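What follows is the residue order along each chain.
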Amino acid sequence: MTTPSSAPRAPHQVLDATDIARVITRIAHEIVERAKGAEDVVLLGIHTRGVHLARRLQARLTQITGRDIPFGTLDITMYRDDLRLKPARALEHTEIPAEGIDGKLVILVDDVLFSGRTIRAALDALSDIGRPRAVRLAVLVDRGHRELPIRADYVGKNLPTSLREAVQVRLAESDGLDAVLLGDRDYAARSSQALAADPELPE
């Protein structure tokens, strides 16, 4: 029997659309300041939500600097170290700006930084494309629990979490709304099991 103390916690919102917009603006200003005007910056969004965030960041940087900031996308699927452990997944597109990345300051953009393995895969993918002057990392959420010596240079929100918790990033481009939710990892699974056992339970 499940007791209240062991019941999974429903996700609760930690960032809303206004917060996310504010974070994008702040990170854009930080990039301009640290990169001395962002003259040689290239943004690469990691599929999937990292791409949406990178596009928003590009738009904000263009507004601030008055220049069109090069933008591309990066698919890391074939570079993941868990490729043999999980079901096959569809490949996404890697698109690199026409001017390339050699000698550029590449800023990788992703939604959540967790173990660091996604970013390691992104760095491996990047090395097959070109040789940037430097690589930086921008993330919407850093939830901790690193397994590799990787850190973000630009962070929207540092969010302390436990390993039993899941961070859900929702963006309007793919999910219909902007939000960051935090809740127990097994909440959805337990809720689905309960509904299967008793279809009359409210969803």
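Structural data are supplied above this passage.
Since the structure is predicted, the reported quantities are computational estimates derived from the model, not experimental observations. (Residues numbered from 1 in each chain as written. Predicted model: local features only at pLDDT ≥ 70, side-chain atom pairs only at ≥ 80, totals over all residues. Heavy atoms only, no water.)

Visitor: Explain the sheet that holds strand β1 (residues 12-15) to me, and be specific about the residues and the numbers.
Guide: In spatial order, the strands read β1-β8-β7; together these three strands make up an open sheet with antiparallel pairing. Pairing within the sheet leaves two strands with one partner each, and these edge strands are β1 and β7 (165-170). Mean inter-strand twist for the sheet, computed between neighbouring axes without regard to direction, equals 30°. Bridge count for β1 against strand β8 (residues 179-184) is three bridges, and the pairing is antiparallel. (Pairing = 2+ DSSP bridges. Helix = DSSP H or I, 4+ residues; strand = E, 2+ residues; numbered from the N terminus. Axes fitted to C-alpha atoms, helices over the stretch in contact; angles between N-to-C directions.)

Visitor: Go over helix α1 (residues 17-34) with me, naming the residues and quoting the values.
Guide: Helix length check: α1 (18 residues) gives 26 Å between terminal C-alpha atoms against 26 Å at 1.5 Å per residue, within 8%. Among the residues of α1, the N-terminal cap falls to Asp-16, whose side-chain oxygen and the backbone nitrogen of Thr-18 are separated by 3.1 Å. Following α1 by one or two positions, Lys-36 adopts a phi angle in the positive range, close to 55°. (Expected span 1.5 Å × (residues − 1). Polar contact = N/O pair within 3.5 Å; in protein donor to acceptor, adjacent residues only side chain to side chain.)

Visitor: Which residues make up the packing of aromatic side chains, and what are the values?
Guide: For the structure on display, the rule yields zero aromatic pairs. In this arrangement the basic side chain of Arg-143 is found over the ring face of Phe-114, its NZ or CZ atom lying 4.1 Å from the centre. (Phe/Tyr/Trp six-rings, centres within 6.5 Å; stacked < 30°, edge-to-face > 60°. Lys NZ or Arg CZ within 6 Å of the ring centre and 35° of its normal.)

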